[in-house]
Amino acid sequence: MYKLQLARGTDGNRRWIMAAFVCSALALAQAGEAEAQAEPNVSWGSYENLFSARSPWNSRPVSPVFGEYVIPKSSYAPSVAEGAWSTGVFLAGENDPPVTVRGLPGTAGVWDPDAEVRREITVPRWPAGVIPASAADGHADIVDPVAGIVHSFYKLRQLEGNWVASQYAWTRLNGRGWGDPAHYFQGARAAAVPTSGGLIRKHEIDDGRSHYPHALTMSLTYNGLSANPTYIFPATSADKDAATTNTGAIPEGALVMLPPGFNLQTITTPALRKVAETLQIYGAYVTDRNTGTPFVIYVENGSGFSLHRNGWNTAAANDLERIRQGLRQVTGVGGWIDGNGESYTPETNFNLLSMRGPWRLQSGTTSGIYETWRQAVVFPPAPVPSSVVNTSYRGMQPVSWALPVAGQPYQLTARTTGGGLLRFQLRDKTSSAIVYDSNNLADGETARFVWPAGNVGPVVTATSGVGVESTVAGELRREGP
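Each chain carries its own residue numbering, running from 1 in the direction its sequence is written. Only residues with pLDDT of 70 or above have their local features reported here, since the model is predicted, and side-chain atom pairs are shown and tallied only from 80 upward, although totals for entire chains, interfaces and linings are computed over all residues. Working from all heavy atoms in the structure, the side-chain values ignore hydrogens and water.

Glancing now at the sheet that holds strand 22 (residues 360–363). Only strands joined by at least two bridges in the DSSP assignment are considered to pair. Strands are runs of DSSP state E lasting at least two residues, helices are runs of H or I lasting at least four, and both sets are numbered from the N terminus onward. If you trace the five strands from one edge of the open sheet to the other, you get 22-25-30-27-28, paired in antiparallel fashion. Since the sheet does not close on itself, it has two edges, and those belong to strand 22 and strand 28 (434–437), each with one partner. Strand-to-strand twist across the sheet, computed as the mean angle between neighbouring axes with direction ignored, equals 30°. The convention used is that axes are lines fitted to C-alpha atoms, helices contributing only their stretch in contact, and that angles between N-to-C directions extend from 0 to 180 degrees.

What follows concerns the pattern of salt bridges. The term salt bridge refers to a pairing of a side-chain nitrogen on Lys or Arg with a carboxyl oxygen on Asp or Glu at a separation within 4 Å. A complete count under the given rule lists 21 salt bridges for this structure. The partner of Asp 144 in a salt bridge is Arg 125, and the shortest N-O contact between them spans 2.8 Å. Taken together, the positions of Asp 144 in strand 10 (residues 140–144) and Arg 125 in the loop between strand 9 (121–123) and strand 10 put the pair 19 residues apart, joining distant regions of the chain. Partly exposed describes any residue whose relative accessible area lies between the buried limit of under 20% and the exposed limit of over 50%, with all areas from a 1.4 Å probe on protein chains only and scaled to the type maximum. On the accessibility criterion, Asp 144 (0% relative accessible area) is buried. We classify Arg 125 as buried; its relative accessible area is 15%. With its nearest N and O atoms 2.9 Å apart, the salt bridge here joins Glu 300 to Arg 201. Remark: Arg 201 occurs in the loop between strand 14 (167–172) and strand 15 (216–220) and Glu 300 occurs in the loop between strand 18 (295–298) and helix 5 (314–326); sequence separation between them is 99 residues. For Glu 300, a relative accessible area of 0% puts it in the buried group.

Here we come to helix 5. Any helix carries an expected span of 1.5 Å times its number of residues minus one. Look at helix 5: 18 Å from first C-alpha to last across 13 residues, which is about the 18 Å you get at 1.5 Å a residue. Among the residues making up helix 5, those that are buried are Ala 316, Ala 317, Asp 319, Leu 320, Glu 321, Ile 323, Arg 324 and Gly 326. In the core, the buried residues of helix 5 are packed alongside strand 4 (79–81), strand 16 (255–257), helix 4 (270–281), strand 18 and strand 19 (328–332). Capping of helix 5 at its N-terminal end is provided by Asn 313; its side-chain oxygen lies 3.2 Å from the backbone amide nitrogen of Ala 315. Whether two residues are in contact is decided by their heavy atoms, any of which lying within 4.5 Å being enough. N or O atoms closer than or at 3.5 Å make up a polar contact, with two conditions inside protein: a donor-capable atom paired with an acceptor-capable one, and, for residues adjacent in sequence, both atoms drawn from side chains.

Position of Ala 77 relative to the elements: it lies in the loop between strand 3 (65–66) and strand 4. Separated by 380 residues in the primary sequence, Ala 77 and Gly 457 have C-alpha atoms spaced 47 Å apart.

The rule is short: rings of Phe, Tyr and Trp, with Trp giving its six-membered ring, pair when the centres are within 6.5 Å, and they are stacked under 30 degrees, edge-to-face over 60, tilted in between. Under the counting rule described, the total for this entry stands at 15 aromatic pairs. Geometrically, the ring pair formed by Trp 126 and Trp 163 is tilted, given 5.1 Å between the ring centres and 45° between the ring planes. A residue pair is termed long-range when its members are at least 10 positions apart, and Trp 126 in the loop between strand 9 and strand 10 and Trp 163 in strand 13 (residues 162–165) qualify at 37 residues. Judged by centre distance (6.1 Å) and plane angle (35°), the ring pair of Phe 233 and Phe 350 falls under tilted. Taken together, the residues span a long stretch of sequence, with Phe 233 in the loop between strand 15 and helix 3 (242–245) and Phe 350 in the loop between strand 21 (343–344) and strand 22 at a distance of 117 residues. Counting every residue linked through ring pairs, the aromatic cluster contains Tyr 410, Phe 424, Tyr 436, Phe 449 and Trp 451.

Ordered by their spatial adjacency, five strands build an open sheet running 23-24-31-26-29, and the pairing between neighbours is antiparallel. One side of each edge strand has no neighbouring strand; the edge strands of this open sheet are strand 23 (369–371) and strand 29 (446–450). Between one strand and the next, the sheet's axes are offset by a mean angle of 30°, whatever the strand orientation.

Attention shifts here to the nonpolar core. A general tendency of soluble globular proteins is for nonpolar side chains to be buried together. In this text, buried Ala, Val, Leu, Ile, Met, Phe, Trp, Tyr and Cys residues form a nonpolar core when linked through side-chain atoms within 4.5 Å. Grouped together as the largest cluster of nonpolar side chains are 63 residues, with contacts concentrated most on Met 355, Phe 424, Trp 451 and Leu 476. The set of elements that each furnish at least two residues to this core consists of strand 16, strand 18, strand 24 (376–379), strand 26 (409–417), strand 27 (421–428), strand 29, strand 30 (456–463) and strand 31 (470–478). Aside from chain neighbours lying at most four places away, what touches Trp 451 is Met 396, Pro 404, Val 405, Ala 406, Gly 407, Gln 408, Tyr 410, Phe 424, Leu 426, Val 456 and Leu 476. Counting 32 residues, the second-largest nonpolar core is a separate cluster that includes Ile 200, Tyr 212, Val 299 and Phe 305.

Structure representation (structure tokens):
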């Protein structure tokens, strides 16, 4: 019997060579062909076409290089499906009312991994008709074009007339749709992406195209997923027990594709032919883990998509098995083409500094708090300057592919308003000695330094302005290529 179950975790080497993401001369040589293949009349960063044209979701690789590993069989047949373990995508309108989502019974609130606190989440515009997926994961994404945000929930449900959830994360509607080292968790999937990322949308199924205009999203089961590394770029996290329970070879964040030599004519099910063509052009990113299914490609709930509408479809199952045997992990590329058909070099030099707490009042009378939607410490108007300090070392998330490198030069830039000041220090974790100090930086001011050797961690101090609201944030990036 056809069956699908999904297992989730919430917490987050580098085998994907970062240089593989740099466009080569080959990519430029194929730019003319790529332009002709641009997706027509697309409004990127919208409800219908999520994220920017240069999001990994909307980009396709040039001359990909493939590994040899084959996704193994498991307990059930591969799947392309909507349903209990997929997700809905709901559009918020300008006049929709706010809704506060509380934590599940017995918890202190909804877990916000970006802020690393449990709290209530008040979504300013909540559309009518939100229906979370019915299985235990309870996924639902809300797209708010007014705020430019995609809200992503895990274990969302209504309880006695109130909305409750286990976890919340958000991403920018016109952004990459993937986390970065500073804002490392940006959605409810294990890879820290929104469940809408890569989803086959209901308006795309019968749009007349031969393929979907973006990469797809996929889960694998334990015997397909890698234990070391558990994730690679562009993912920033993986299932929390992945290192001890996975037995396969493909990490979360990996792009898998059907190589050019795969014969699409062998796929006879029309709905799967469109999927297969997409897998050959864009591929699918591995973003989560399931129980017992070799791979699952997710379709938006409410689409009516079904491969087994009138009972078990043997032809579709055979096609899925052929796809399973053909899929390979992409281990390198010659370049990238964005959704507008333009060759480009994806960003890899991301901000490493988060302003997440915990913050302790160091001086003054008014404490600042971290606001995840603003990615900054926010102080209300204060009569005198007040300073808060974070000595937990959690201002830098240890994303494996973005760890600072000793001897590499870095640049810190303050991003503040209202007279706020940022101070960044590095402390030796063994001796507690301060080995670097930027001193106070006002908005736009920079400090350059070489990352020291040894086991060091950040100590971050934020100081308010006077008389007005002030915010404090910063960008820490490596210098050079």
